[in-house]
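Analysis of the macromolecular model
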Amino acid sequence: MNSKFDATLDKVQARRNSTARSDALFERALKVMPGGSTRATIFFAPHPPYADHGTGARVVDVDGNALLDFTNNFFSAIHGHANPAILRAIAETAARGVSFGLPTETEVLLAEHICARSPAFEAIRFANSGSEAVLTAIKAARAATGRPAIAKIEGAYHGSYDHVEVSLDSRPGTWGEAAPAGTKYARGTPDAVLADTVVVPFNDATACVRLLEANADRLAGVLFDPLPSRVGLIPATPEFTAALRETTRRLGILLIVDEIVCFRLSHGGAHPLWALDPDLVTLGKIIGGGLPIGAVAGKRAVMDMFDVRPGKAPVPHGGTFTANPVTMAAGLASLEQLDRAAYDRLNALGERLRGRIAAAIAASGVPAQVTGMGSLFRVHPHARPIADYRSCYPSDAEKALLARLHPWLLEAGFLVTPNISGALSTPMTEADVDALAEALGEGLRWVARRAAA
Ligand SMILES: Cc1ncc(COP(=O)(O)O)c(C=O)c1O
């Protein structure tokens, strides 16, 4: 390691000294869990460190290494770890019973709080994860329209439900030419799933409208994230969102805006930023205060599909732990701390981070770029203009660069996702984001030197 690398480490004061306990835990885990842990999305080779505890913006692994945590458990812990108000809410609620076979007032309180944030949220139902929220929204769209299929953006992530996984792993050679091909993600995905999923390109209004029109008689809904991470974390253009809304409305297709991540962009969520009037919005992550959650909110006429009272024709939606009071209380405690000033501060910090990263990339001389919005960022290992999934897609050499950069950052004390994206949390400071930007510049220089050696 060169001296500048060491200087960066001194600055963030997070040199990793050992991984012995994590290594041993991984060996133990392999005996009882395929792959050594439970979540595909958090794995990276040889294995991730095992977390011991977290405080504020930092997580400490079982070997005592402190990491500045830009994953915040995949963008969900917006107040970082062990936030005092959330801990208090959890403890006080849990002391009165953690879940019941009855509804609770905490559920009503969180529903009222979220519905007050946007006129688009006329009613809401909770779920236990974002994936569950997405599949519940799709069920409602199918029930409301009597149609079976959904459309989604090529490459966009919406959780682990068969239909929304289509095209997640599309790559040159499989992704089709004239129109995006539906490709299977999980081996064994039934062909019927592909038949009922229409894949449309991001930010290409003409092609998207053509595909929606061609499939209108079987489309129940379009699932749409206006800032899709796997598509490059670039925002949808106003022209694209306007065309999407106009076309779906004209064809009687529901517009389901996935704000499971991008709800963190503003007090009212993402749809107001694009002047979108969605039929349904899926929520998750930050609305649970760090505990498992999902939600579907939207137009009363569609949400009424879930009304179970006599005489109604409900879409079944249950779940043993759905809307359990502990999660509801944690979510409320999280959102109550997020007033407009908190969003302004977090978004300004995100702006600063992306500016500093861009400057560090320029100074490094390595072809790379940073994208993102609000408190979200993603670093790409190339300088090509990014307009959609295909132009974002890295070559094998570029993937190898990311695969080296991620452990470099870990060594330097920074936890980001394996594709070098992340989110800010409210305990973070300007010094924290500046340290990440500097380390990224150093890391890029280091991996580029290694690749050239
Ligand atoms: C945009 C988006 N939708 C849906 C999901 C699924 O949420 P969950 O992991 O809570 O099932 C995610 C998770 O990362 C997501 O990023």
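One numbering rule holds for all chains: residues counted from 1, following each sequence as written. Since the coordinates come from a predicted model, pLDDT governs what is reported: local features require at least 70, and pairs of side-chain atoms require 80 or more to be given and counted, while whole-chain, interface and lining totals use all residues. Computation of side-chain values: all heavy atoms of the structure, hydrogens and water removed.

**Here we look at the site of the ligand**
Around the ligand, the structure places Ser 129, Gly 130, Ser 131, Tyr 157, His 158, Gly 159, Asp 225, Asp 258, Ile 260, Val 261 and Lys 285. Counting of polar contacts relies on pairs of N or O atoms within 3.5 Å, with two restrictions inside protein: one atom must be capable of donating a hydrogen and the other of accepting it, and residues adjacent in sequence are counted only when both atoms are side-chain atoms. Here an oxygen atom of the ligand sits 2.8 Å away from a polar atom, N or O, in the main chain of Gly 130. Against a free-state accessible area of 390 Å², the protein chains account for coverage of 79% of the ligand. Across the shell around the ligand, the residue classes break down as three nonpolar, five polar and three charged. We call a residue near a given molecule or strand whenever any one of its heavy atoms falls within 4 Å of it. Exposure was quantified through the Shrake-Rupley algorithm and a 1.4 Å probe, taking into account, for residues, occlusion by the shown protein chains and nothing else. In this classification, the charged set is Asp, Glu, Lys and Arg, the nonpolar set is Ala, Val, Leu, Ile, Met, Phe, Trp, Tyr, Cys and Pro, and all remaining amino acids, among them Gly, are polar.

**Things to note about the confidence of the model for the protein chain**
Per-residue confidence from the predictor is reported as pLDDT, a score between 0 and 100. Of all residues in the protein chain, 96% have pLDDT values of 70 or greater, and the mean over the chain is 94. Throughout, a residue-residue contact means that at least one pair of heavy atoms, one from each residue, lies within 4.5 Å. Confidence drops under a pLDDT of 50 for residues 1–15, and excluding neighbours within four residues, the segment shows 24 contacts in the predicted structure.

**Observations regarding the pairing of strand β5 (residues 149–153)**
Residue burial is assigned from relative accessible area. The probe radius is 1.4 Å, only protein chains are included, and a residue is buried under 20% of its type maximum, exposed over 50%, and partly exposed in between. Elements are defined by DSSP. Helices are runs of H or I of four residues or more, strands are runs of E of two residues or more, and each kind is numbered from the N terminus. In terms of residue burial, β5 counts as a mostly covered element, since five of its five residues are buried. The two faces of β5 match: Ala 149, Ala 151 and Ile 153 on one face and Ile 150 and Lys 152 on the other face are all buried. The pairing criterion is simple: DSSP has to find at least two bridges between the two strands. In the sheet, β5 pairs with strand β7 (residues 219–224) via four bridges, with the strands oriented parallel. Bridged to Lys 152 within β7 is Leu 223.

**Section: the pattern of salt bridges**
Salt bridges are defined by distance alone: a side-chain nitrogen of Lys or Arg within 4 Å of a carboxyl oxygen of Asp or Glu. Taken as a whole and judged by the stated rule, the model has 18 salt bridges. The residue Asp 432 makes a salt bridge to Arg 58 at a minimum N-O spacing of 3.2 Å. Linking Asp 432 in helix α16 (residues 430–452) with Arg 58 in strand β2 (residues 58–61), this pair joins segments that are 374 residues apart in sequence. Of the residues examined, Asp 432 reaches a relative accessible area of 9% and is grouped as buried. We classify Arg 58 as partly exposed; its relative accessible area is 35%. A salt bridge links Glu 213 to Arg 250; its shortest N-O distance comes to 2.9 Å. Of this pair, Glu 213 sits in helix α9 (residues 205–214) while Arg 250 is found in helix α10 (residues 238–251), placing the two residues 37 residues apart along the sequence.

**Overview of the side chain of His 47**
Relative to the elements of secondary structure, His 47 occurs in the loop between α2 (20–32) and β1 (51–55). By relative accessible area, which is 11% here, His 47 ends up buried. For His 47, the contacting residues outside a window of four places in its chain are Ser 22, Asp 23 and Phe 26.

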